[in-house]
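Residues per chain, in single letters:
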Amino acid sequence: MRILGIESSCDETAAAVVHDGTEILSSEVASQVEIHARYGGVVPEVASRQHLLAIIPVIRQAMDKALTTWHDLDGIAVTHGPGLAGSLLVGVSTAKAIALARKLPLTGVNHLEAHIYANWLGETRPEFPLLCLIVSGGHSDLVLMRGHGDYTLLGRTRDDAAGEAFDKAARILGLDYPGGPAIDRAAQLGKPCIDLPRAWLAGSHDFSFSGIKTALYRMVEDGRIPNVNDAAASFQEAVIEVLTTKTIAAAREHRVKQVLLSGGVAANRRLRSRLTRESPMPVLIPEPALCTDNAAMVAACGFFHFQRGCTDSLDMDVMPGLKIA
Ligand code: KG4
Ligand code: ZN
């Protein structure tokens, strides 16, 4: 099956063609990062306008690079939530128009579910039951997966998402936007020598990162941060220690076969190496370009929807607050 995936939930317009949910034939991403960098964050109205400008050229490029014509496609998968309503609407309307014009089956994909399925695009196949840590700009979710489409939410953030915490910490430290990659880079030049609090929330698989961020803010305000790189390394280490330790504890408790990492923060070098080193179970992590938003993961997820007979009608709507479980 050849699936066209479309993604427009936040600030990347993306399209991809994927074969049998595992083989990428093309994956194109038009990023709006430079436009939003001026404002220090994503401006929803600007994002939806940019999606409108980019969506058709990006789909054309993905189809051309995959040497695919409309006749070669077997289905369309599109992110229908969670995300910014105006942004989601651009992808969903385009997907519906193509499905209608080409009489192709359509499936709406949860963006978080798609992040998990980025792991089906690598060399090693995921095996159930597995535990997935999804760490993105809007979510920090620990999800137990017993089969395709079978999700149990074990834990989530009670305040800031991991990516949001990275972005806010970078702003506090005067680093570039987006903050996650900037902290990752700065941390490579520093040492984690500053003591910052960790919120363990004992007895729960939930996370909390606002305390670490506030402690960092107070230190900067009081002039107690002599070296920005050390501060970035210390912040990163505090967040990653909590993510790694709590993920491994949940994986042990539920006796899973594998641990999967996904979402934009999964591109973080320290998180990738520490989780891989400390986990007693094998750890699967998509290559960095497939951790951040892309449409190959949407097409991969869509393939498994179609395999189970999950399709949507042209009445499908955007669901900005969609949950995974
Ligand atoms: O999954 P994603 O691309 O978009 C959402 O679905 O939110 O995740 C974006 C988040 C941002 O907060 C960004 O700062 C963070 O992922 N991120 C990183 C890194 N690359 C992206 N955080 C830490 N280290 C990185 N290398
Ligand atoms: Zn995402």
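Residues numbered from 1 in each chain as written. Chains lettered and ligands numbered in written order. Predicted model: local features only at pLDDT ≥ 70, side-chain atom pairs only at ≥ 80, totals over all residues. Heavy atoms only, no water.

Asker: Honestly, the environment of Leu 189 in this entry has me stumped. Any pointers?
Answerer: Topologically, Leu 189 is positioned in the loop between helix H6 (179-188) and helix H7 (210-221). Linking Leu 189 and Glu 34, residues 155 residues apart in sequence, is a C-alpha distance of 24 Å. (Helix = DSSP H or I, 4+ residues; strand = E, 2+ residues; numbered from the N terminus.)

Asker: What's the story with the coordination of the zinc ion (ligand 2) in this structure? I'm lost.
Answerer: Reference geometry at the metal: tetrahedral coordination by four donors gives ideal angles of 109.5 degrees; octahedral coordination by six donors gives 90 or 180 degrees. Around the zinc ion (ligand 2), the donor atoms from the protein are His 111 (NE2), His 115 (NE2) and Asp 293 (OD), and they sit 2.0 to 2.1 Å away. Between consecutive donor residues of the zinc ion (ligand 2), the sequence gaps follow H-x3-H-x177-D. Here Asp 293 lies in the loop between helix H10 (288-291) and helix H11 (296-307) and His 111 lies in helix H4 (residues 111-117), a separation of 182 residues in the sequence. The pair formed by His 111 and Asp 293 is uniform in burial state, with each residue classed as buried. (Donors = N, O, S within 2.8 Å, 3.2 Å for Na, K, Ca; no water. Buried < 20%, exposed > 50% of the residue type's maximum accessible area, 1.4 Å probe, protein only.)

Asker: Even after reading the chapter, I still don't get the sheet that holds strand S2 (residues 12-19), so can you show me in this structure?
Answerer: The strands making up a sheet associate through hydrogen bonds between their backbones, and the pairing can be parallel or antiparallel. Pairing is mixed in the open sheet, where five strands are placed in the order S3-S2-S1-S4-S5. At either end of the open sheet lies a strand with only one pairing partner, and these are strand S3 (23-31) and strand S5 (106-110). For this sheet, the mean angle separating the axes of adjacent strands, direction not counted, is 20 degrees. In this structure, strand S1 (residues 2-7) lies alongside S2, joined through six bridges in antiparallel fashion. Within the sheet, the bridge partner assigned to Arg 2 lies in S2 and is His 19. Lying over the sheet, helix H3 (residues 85-102) contacts S1, strand S4 (75-81) and S5, oriented at roughly 155 degrees with respect to S4. Against the sheet, H11 contacts S1, S2, S3, S4 and S5, and its axis sits at roughly 120 degrees relative to S5. (Pairing = 2+ DSSP bridges. Axes fitted to C-alpha atoms, helices over the stretch in contact; angles between N-to-C directions. Contact = heavy atoms within 4.5 Å.)

Asker: I'm lost on H7 in this one. Help?
Answerer: Its twelve residues place the ends of H7 16 Å apart at the C-alpha level, agreeing with the 16 Å of an ideal helix rising 1.5 Å per residue. Packing partners of the buried residues in H7 comprise helix H5 (162-172) and helix H8 (228-253). Of the residues trailing H7, Gly 223 is marked for its positive phi of about 70 degrees. (Expected span 1.5 Å × (residues − 1).)

Asker: Help me understand the site of ligand 1, please; the structure alone is not making it clear to me.
Answerer: Residues in close proximity to ligand 1 total 18 residues, the closest being His 115, Gly 137, Asp 167, Gly 180 and Asp 184. Backbone polar atom of Gly 180 to an oxygen atom of ligand 1: 3.0 Å apart, as the coordinates give it. Between ligand 1 and Asn 268 there is a distance of 3.1 Å, counted from a nitrogen atom to a side-chain nitrogen or oxygen. Taken by itself ligand 1 offers 550 Å² of open surface, and the protein chains cover 88% of this. Contributions of two or more residues to the shell around ligand 1 are made by H4, H5 and H6. Residue composition of the shell around ligand 1, by class: four nonpolar, eleven polar and three charged. (Near = heavy atom within 4 Å. Polar contact = N/O pair within 3.5 Å; in protein donor to acceptor, adjacent residues only side chain to side chain. Areas by Shrake-Rupley, 256 points an atom, 1.4 Å probe, with all protein chains shown as cover. Nonpolar A, V, L, I, M, F, W, Y, C, P; charged D, E, K, R; others polar.)

Asker: Even after reading the chapter, I still don't get H8, so can you show me in this structure?
Answerer: Taking 1.5 Å per residue as the helical rise, H8 with its 26 residues ought to reach 38 Å, and the 38 Å between its terminal C-alpha atoms agrees with that figure. Of all the 26 residues making up H8, 19 are buried; the element is thus mostly covered by neighbouring parts of the structure. Two residues or fewer after H8 comes Arg 255, characterised by a positive phi angle close to 45 degrees.

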